[in-house]
Amino acid sequence: MTMKVWDSVVSAHIDLLGKDPSNGRGQWVVTDEQPSIGYMHSGYPIVTHLDMADPNKRPHSKRKNRKGSWGMFHELGHNFQDSMWTWGGTKEVTCNIFTLHAMDVVCNVKPWDHLWVREKFENASNYLREGAKYDKWCSNAGIALLVYAQLARDFGWGTYKSVFRTYDKLPKDKRPSNQQEKENMWIQTFSNVVKRNLSLVFEFWGWPIRGLDDLKRFPPYLPDDMTTREFAKDRATTILKKYENNYSGACPTQKPAHTDNAYCPGKGGSNKIDQCDVKGNSVKEGDNDNSSSSCYIL
């Protein structure tokens, strides 16, 4: 049973990345009284403290089947990272894309619902209200993971698979070589897959947005959740309006998979974030007319 559970976790990581499971070596975990770095570290082998061999902590127990093992999924995730979409501030973040995926498909815990993610909401709220400085985002793995969790929640794991496979097909001379190129390529690649301008999402979280004018051909997108409605509503409204003014394409008629709500600007230039009807029209509570401003179904 233990090997079946771990095989399912490793298989989930491989499936997300898009690698051939028969082309490569298996993952190896060793317990040690004194790991060289921290409580666990990635590599070949992954090394953990001796207590990970305790039967009560093994993932085949009923408790672990429900909750998973964040630490082990995380270290396994490190072994699947790629430098094309990982840079200095995200080394302890992009590995957790794989953690969230395994938690979802193996343990049935959705990315935005995981306790580890939700425990970061208070810090994220403070970060956004204090101006969302990118250097702080890069230094806080908990806050940084939230944008990746939002994308998984709103667009699904199939989108991540398409993004990773797009990277895998890049010829060597087209691969990003510095941090700005890596940041831009991540936004561009994800936006091209979902056909939405995701510059807004990353600007909301404090990323520097430079040289991404080509994405204006896509409708602008921001998540509709507590980060944009409660943590930093004015910031979200300002960013959305800026990008809407630069978008001249037709309003899309279909929502992307895994997205429940549209995100609408308020009427008359207000900062109020309104609800949307099924046609993408902004509707304030008590509105009975048909003159509400249009927005994009996201």
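Residues numbered from 1 in each chain as written. Predicted model: local features only at pLDDT ≥ 70, side-chain atom pairs only at ≥ 80, totals over all residues. Heavy atoms only, no water.

Caption draft 1: Geometry of the overall build of the chain. Counting its regular elements, the chain contains 13 helices and five strands. Of all 298 residues assigned to the chain, the portion counted as buried reaches 50%. Summarising the internal contacts of the chain: among those between residues at least 6 apart in sequence, 62% fall at separations of at least 24. Roughly 14700 Å² of accessible area belongs to the chain as shown, and the carbon and sulfur atoms make up 47% of that amount. (Helix = DSSP H or I, 4+ residues; strand = E, 2+ residues; numbered from the N terminus. Buried < 20%, exposed > 50% of the residue type's maximum accessible area, 1.4 Å probe, protein only. Contact = heavy atoms within 4.5 Å. Areas by Shrake-Rupley, 256 points an atom, 1.4 Å probe, with all protein chains shown as cover.)

Caption draft 2: How the structure looks around the pattern of salt bridges. For the structure on display, the rule yields eleven salt bridges. The partner of E203 in a salt bridge is K242, with the nearest N and O atoms 2.7 Å apart. In this pair, E203 is assigned in helix 11 (residues 199-204) and K242 in helix 13 (residues 233-244), connecting sequence segments 39 residues apart. When its relative accessible area of 17% is taken as the criterion, E203 is described as buried. Across the pair R217 and D214 runs a salt bridge whose closest N-O atoms are separated by 3.7 Å. Looking at R217, the relative accessible area reads 48%, which means it is partly exposed. (Salt bridge = Lys/Arg side-chain N within 4 Å of Asp/Glu carboxyl O.)

Caption draft 3: Representation of the nonpolar core. Judged by nonpolar contacts, the single largest core of 70 residues is most densely connected at W137, Y148, Y160, W186 and W205. Take this core: its biggest share by element is ten residues, from helix 8 (residues 141-155). Non-local contacts of Y148, meaning those with residues more than four positions away in its chain, are made with W87, T90, V93, T94, I97, W137, Y160, W186 and W207. (Core = buried A, V, L, I, M, F, W, Y, C linked by side-chain atoms within 4.5 Å.)

Caption draft 4: Structural detail: the confidence of the model for the chain. The pLDDT averaged across the chain works out to 77; a share of 66% of its residues lies at or above 70. Taken as a whole, residues 250-255 scores under 50 in pLDDT and shows twelve contacts with residues more than four places along the chain or in a different chain. Across residues 257-298, where pLDDT falls below 50, the model places 107 contacts with residues more than four positions away in sequence or in other chains. (pLDDT = per-residue confidence, 0-100.)

Caption draft 5: Region of the structure containing the packing of aromatic side chains. If you walk through the whole model with that rule in mind, you get 22 aromatic pairs. Look at W112 and F121: their rings are 5.1 Å apart centre to centre, the planes differ by 40°, and that puts the pair in the tilted class. Here W112 matches F121 in class, with each residue buried. Judged by centre distance (5.3 Å) and plane angle (75°), the ring pair of W137 and W207 falls under edge-to-face. (Phe/Tyr/Trp six-rings, centres within 6.5 Å; stacked < 30°, edge-to-face > 60°.)

Caption draft 6: How the structure looks around the side chain of N96. Turning to its location among the elements, N96 is positioned in helix 4 (residues 95-105). Leave out the neighbours within four places in its chain, and N96 touches W70, H74, W116 and L145.

Caption draft 7: Inspection of helix 10 (residues 179-194) at higher detail. Taking 1.5 Å of rise per residue, 16 residues should cover 22 Å, and helix 10 covers 23 Å from first to last C-alpha, within 8% of that figure. Residues K182, E183, N184, M185, W186, I187, T189, F190, S191 and V194 constitute the buried set of helix 10. Summarising the contacts, the buried residues of helix 10 are in contact with helix 7 (134-138), helix 8, helix 9 (157-168) and helix 11. The distance from a side-chain oxygen at the start of helix 10 to the backbone nitrogen of Q180 is 3.2 Å, and the residue carrying that oxygen is N178. (Expected span 1.5 Å × (residues − 1). Polar contact = N/O pair within 3.5 Å; in protein donor to acceptor, adjacent residues only side chain to side chain.)

Caption draft 8: Here's a closer look at the packing of helix 3 (residues 70-78) against helix 4. For the pair helix 3 and helix 4, the least separation of the axes is 7 Å and the interaxial angle reads 130°. In terms of orientation, helix 3 and helix 4 fall into the oblique class. In this structure, helix 3 crosses over helix 4, and the sense of that crossing is right-handed. Taking contact as the criterion, the partners of W70, F73, H74, G77 and H78 in helix 3 are, on helix 4, C95, N96, F98, T99, L100, A102 and M103. Of the residues contributing to the contact of helix 3 with helix 4, the split by class is seven nonpolar, five polar and no charged. (Axes fitted to C-alpha atoms, helices over the stretch in contact; angles between N-to-C directions. Parallel < 35°, antiparallel > 145°, perpendicular 65-115°, else oblique. Left-handed = near helix turned anticlockwise from the far one by under 90°. Nonpolar A, V, L, I, M, F, W, Y, C, P; charged D, E, K, R; others polar.)

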